[in-house]
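A structural walkthrough
Residues per chain are reported as follows:
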Amino acid sequence: MTLAQSTRYKLHQPVVLTSDFIVTFPLFSINDVIVYVDGTETGLFSVTATFSNGRADNAVVTLNDAVTDVDVELFGARAPRRENQYLGNSPRLADNLQNDVDAVTAVQQEQSRDFQSSLRVSPQSPITRPLSGDAAARANKTIAFSVDGLGLEAGPDLDTIGRAQEFAERSEAAATNAALGTPYGFAEVDDLLTDTSLSYVAGANLVVVAPGQYVLAGGFRYQVAASAATDHELTTAGGVKLYSNDPIYRPEAFGWKDGDDLASYLTAFFASNRPYFELAHGANAVLGSEVSVQLDAASTDKILYLHGSTITHTDASAKVRAYQLINRADNPRLAVYGGNVVLTGTSATEAGWHVQNARRCVWYDHTVWGSIDGGTNEGQGWLIENANLAGGVDAYCERTLFSGCGGRYLRNVINLHTSGGVNGGLSFARTIVRDLSITGGVTDKEAIKISSSVASLAVASANSYTIGETVTQGAASGTIEGWAEANDVVFVNVTTGTFDTSGPATGATSGHAPTPTNVVSNRLPNVYDSVFRGLHGNLNDGAILMSIGGGMRSTVISDIGIEAAPGNTAYLFRNKNNWTYNRPVIDLPDIYRSGYSAQIETNWSAPTSKQAAARNVMNGLRLYPSDQVPDTDDGVIAFADGTGWNPDGIGSGDGGKGVFAWQSGEWQRLIGHVQTTTAAMGGISNSINTTGKFFGKSVWCSTDNEEYRALGATAGSNWKKMSDGTTITPA
């Protein structure tokens, strides 16, 4: 039988668990095969084969354990040997010779296979000396040629080669630095800032640097500025001026260390053209003074990454103030991501962030603390203010966003405050507060506050007044703090008396003297088209979640989850009874559920005006008992509490309760039949007479299958049968 050309090698790559693997080349002994699994030789297998005349063409290797998704390699490995004896002219001589020739050929095929993957040299200069030494002498070593190239020797070990590679990489980095013009490196930034060896001029023990070259320090890279530069960012003790090469402002690159005051670094960042500022995760900084940024004068957004860091105020005046004088269509914004600010807890007016007349400021996942342990509840997390700023016009706060933020142990978490403004001041429109977490609070103070320090006078040509001038009306006087966009309302900071509609309000400088047609003291701003959704947390005793008033058209307040500790009472709303126009839509939490109503009340004090607008709903509605007359618009339905609001007075107390709809210019009770009996109607103590009875109440009597109506609201009022007019008198 012939023997085909072969490398006597087979690769199997099973994709399911497999233990049997076919040997695709002839075997002349079951020991003529070695097996590798996933690149490692194994002896945990057996060979099954049927030999005929000393040869098997159907051999199968069976692994002890099935495998999948690995390479299984079968190598022919027959050691050169002779197994047959040729005795005389044996009848099997031809078969034995054929078998031995096949076996010798198989060995040659394996040798050829192995030779193809061996290290070879030119036959003109063969290796004459083999590698000497035992296994231990060459362990972990490489193979090298001898000096004359005719012998093999043990080369460097692998660890030595690894270190050489590391040194080579370092050398390459050094060469790169040299190509970039980096003459010197420092372990820490402080070492660079205190250095006196770098110099623009030659001298003893000096390293000369030139503009454009680079210096490394503390993992940061700096570029040398010209000696006459005025826009440089750092200066060494030796007088070399430097720019930071990092597009992100990292205060550590400018010498800040954990625990240092951050004020000067924030000031430098706001003055730079960099958009990003980053504090290292876990950093602890302090802030001892106010830091301001004029956004409309900035060249780019100012984005602060504060994740995992904490900034602690060391003075009640400390805060970050972002303001705007002129409204730009491409106005840069302030954006803050993550982190914490901790106030001193000593001042009611201290603020973590103060925004004046600036739009589109945003905070994500940021928390302001009045105190860490709740020992004090003071200060304001965010003071968002429309104000009269010198040189300011057309600028006011809108589109402010809070997402996933928190306020802990504060007097006010967010305060939307109007104190003036030119061609603005009234609007905080499109304020978005989502998923706000609140803890603590102060009795009689709102976590989310809407406030004002000015009166509004409705006058013609409001911009004819002069900003800052004194305006008087009889005994009343104040200072002009701005006017609305339509120039039909002027803002006055009232110092004495009360303005009214009785006569002219005269400007001391301008002479403008119109008579107000309407005056609103403490004119609350308008927070319309806004969303307050997902307000959650724990309020202290007497604390209030939110104030409402001003103009809140299309504003939605929903998804409230607030509680107070047992024995305490917190409140959802303070209705400031100062509605300049339209009220918000409010989705109330279920404060009537067991164990809840004793801790949470709807209103801090009884409102004297309506506080919420009706809402379009589907699939059912639970009506909150109303003690105020709701909106008188067709389609409005409401539940009268029977006391504060008792339409038409047809019942008293419990009997006045009911569902009413406004239709055709009047409130109409929605009536349903109650089933009863003649005996029940005749019993003066029966609930049909003592509960929910009102004049005209309709019931259906199952005794005689007739409709009856109550002729009065008292328990003793007669029931009249509608079919014949006979009556039943409760007794």
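Each remark here, short or long, concerns the structure printed above.
Only a predicted model underlies this, so the values are computations on that prediction, with no experimental measurement involved.

1. Looking at the overall build of the chain
Along the chain, the regular secondary structure elements total seven helices and 56 strands. Taken over the C-alpha trace, the chain has a radius of gyration of 45 Å; the compact-globule value for 731 residues is 27 Å, which it surpasses by more than 25%. When the 731 residues of the chain are sorted by exposure, 44% land in the buried category. Taking all contacts inside the chain whose residues are at least 6 apart in sequence as the whole, residues at least 24 apart take part in 69%. If you sum the accessible surface of the chain, you get close to 34,800 Å²; carbon and sulfur atoms cover 50% of it. Positive and negative side-chain charges in the chain, numbering 50 and 74 respectively, have mean positions lying 4 Å apart.

2. Remarks on the packing of aromatic side chains
Taken as a whole and assessed by the stated rule, the structure comprises 19 aromatic pairs. Taking 5.3 Å as the distance between ring centres and 45° as the angle between the ring planes, the aromatic pair formed by F269 and F270 counts as tilted. By relative accessible area, F270 is classed as buried at 7%. Ring plane angle 45° and centroid distance 6.5 Å describe the contact between W369 and Y409, whose orientation is recorded as tilted. Note that W369 is positioned in strand β28 (residues 367-369) and Y409 in the loop between β31 (406-408) and β32 (412-418), a separation of 40 residues in sequence. The rings of Y249, F254, F269, F270 and F277 are connected pair by pair, giving a single aromatic cluster. In this arrangement the basic side chain of R359 is found over the ring face of Y396, its NZ or CZ atom lying 4.6 Å from the centre. A cation over a ring is seen here: R408 above W369, with NZ or CZ 5.9 Å from the ring centre.

3. Quick notes on helix α5 (residues 263-271)
Turning to α5, its buried residues are A263, Y265, L266, F269 and F270. End-on view of α5: buried residues confined to an arc of 165°, all on one side of the axis.

4. Focus on the nonpolar core
In this structure, L304, L334, W353, W363 and W382 are the most contacted members of the largest nonpolar core, which totals 82 residues. In terms of residue count, α5 provides more of this core than any other element does, five residues in total. Not counting residues within four places of it along the chain, the set of residues in contact with L334 comprises F270, L295, K302, L304, A322, W353, R360, C361, V362 and W363.

5. Some points on the layout of surface pockets
Of the volumes computed, that of the largest pocket is approximately 1,200 Å³. Lining the largest pocket are 41 residues; nearest its centre among them are I586, L588, A612, A613 and Y624. Listing elements by their share of the lining of the largest pocket, those giving two or more residues are β46 (585-586), β47 (600-603), β48 (625-626) and β49 (637-640). For the lining of the largest pocket, the per-class residue count stands at 23 nonpolar, nine polar and nine charged.

6. Quick word on the sheet that holds β48
Read from one edge to the other, the open sheet built from four strands follows the order β48-β49-β50-β51, with strand pairing classed as mixed. This sheet does not close on itself; its edge strands, each paired only once, are β48 and β51 (666-669). The pairing of strand β50 (residues 658-663) with β51 spans four bridges and is antiparallel. Across the sheet, F660 pairs through a bridge with R669, a residue of β51.

7. Some remarks on unusual backbone geometry
Its identity is not glycine, yet R430 carries a phi of approximately 60°, on the positive side. Counting through the fold element by element, R430 comes out in the loop between β33 (421-422) and β34 (432-440). By relative accessible area, which is 30% here, R430 ends up partly exposed. One non-glycine residue, D559, lies in positive phi territory at about 55°. In this fold, D559 is placed in strand β44 (residues 556-564). With a relative accessible area of 42%, D559 lands in the partly exposed category.

8. Things to note about the environment of P126
Mapped onto the elements, P126 comes out in the loop between α1 (93-116) and α2 (135-138). The spacing of P126 and D38 is 88 residues in sequence and 35 Å in space, taken between C-alpha atoms. Residues within four places of P126 in sequence aside, it is in contact with V121 and L150.

9. What about the side chain of H354?
Here H354 shows up in strand β26 (residues 351-356). Within polar-contact distance, the side chain of H354 engages the side chain of K319 at 2.7 Å. Setting aside chain neighbours within four positions, we find H354 in contact with K319, V320, R321, A322, L383 and E385.

10. What about the pairing of strand β45 (residues 570-581)?
The side chains of a regular strand alternate, first on one face of the sheet and then on the other. Where strand β43 (residues 544-551) lies against β45, six bridges are found, and the strand directions are parallel. By the bridge assignment for β45, G551 is matched with Y581. With three bridges connecting them, β45 and β47 associate as parallel partners. Along β47, the bridge assignment pairs A570 with I600.

11. Structural notes on the pairing of strand β24 (residues 334-337)
Where strand β21 (residues 302-305) meets β24, four bridges bridge the pair, whose relative direction is parallel. Of the residues in β24, the one forming a bridge with K302 is L334. By the bridge criterion, three bridges tie β24 to strand β27 (residues 362-364) in an arrangement that is parallel. Within β27, the position partnered with V336 by the bridge is W363.

12. Comments concerning a nonpolar patch on the surface
A cluster of nonpolar side chains, contributed by L119, V121, I127 and F145, occupies part of the molecular surface with about 360 Å² of accessible area. Structurally, the position occupied by V121 is in the loop between α1 and α2.

Criteria and thresholds
Residues numbered from 1 in each chain as written. Predicted model: local features only at pLDDT ≥ 70, side-chain atom pairs only at ≥ 80, totals over all residues. Heavy atoms only, no water. Helix = DSSP H or I, 4+ residues; strand = E, 2+ residues; numbered from the N terminus. Rg over C-alpha atoms; globule rule 2.2 N^0.38 Å. Buried < 20%, exposed > 50% of the residue type's maximum accessible area, 1.4 Å probe, protein only. Contact = heavy atoms within 4.5 Å. Areas by Shrake-Rupley, 256 points an atom, 1.4 Å probe, with all protein chains shown as cover. Lys, Arg positive; Asp, Glu negative; His and termini not counted. Charge placed at Lys NZ, Arg CZ, Asp CG, Glu CD. Phe/Tyr/Trp six-rings, centres within 6.5 Å; stacked < 30°, edge-to-face > 60°. Lys NZ or Arg CZ within 6 Å of the ring centre and 35° of its normal. Arc of directions from axis to C-beta. Core = buried A, V, L, I, M, F, W, Y, C linked by side-chain atoms within 4.5 Å. 1 Å grid on protein atoms, 1.4 Å probe; cavity = no way out; pocket = protein on both sides within 12 Å on 5 of 7 lines; lining within 4 Å. Points joined across faces, edges and corners; volume = space filled by probe spheres on them. Nonpolar A, V, L, I, M, F, W, Y, C, P; charged D, E, K, R; others polar. Pairing = 2+ DSSP bridges. Polar contact = N/O pair within 3.5 Å; in protein donor to acceptor, adjacent residues only side chain to side chain. Patch = residues over 30% accessible without salt bridge, like charges linked within 9 Å, V, L, I, M, F, W, Y side chains within 5 Å. Salt bridge = Lys/Arg side-chain N within 4 Å of Asp/Glu carboxyl O.

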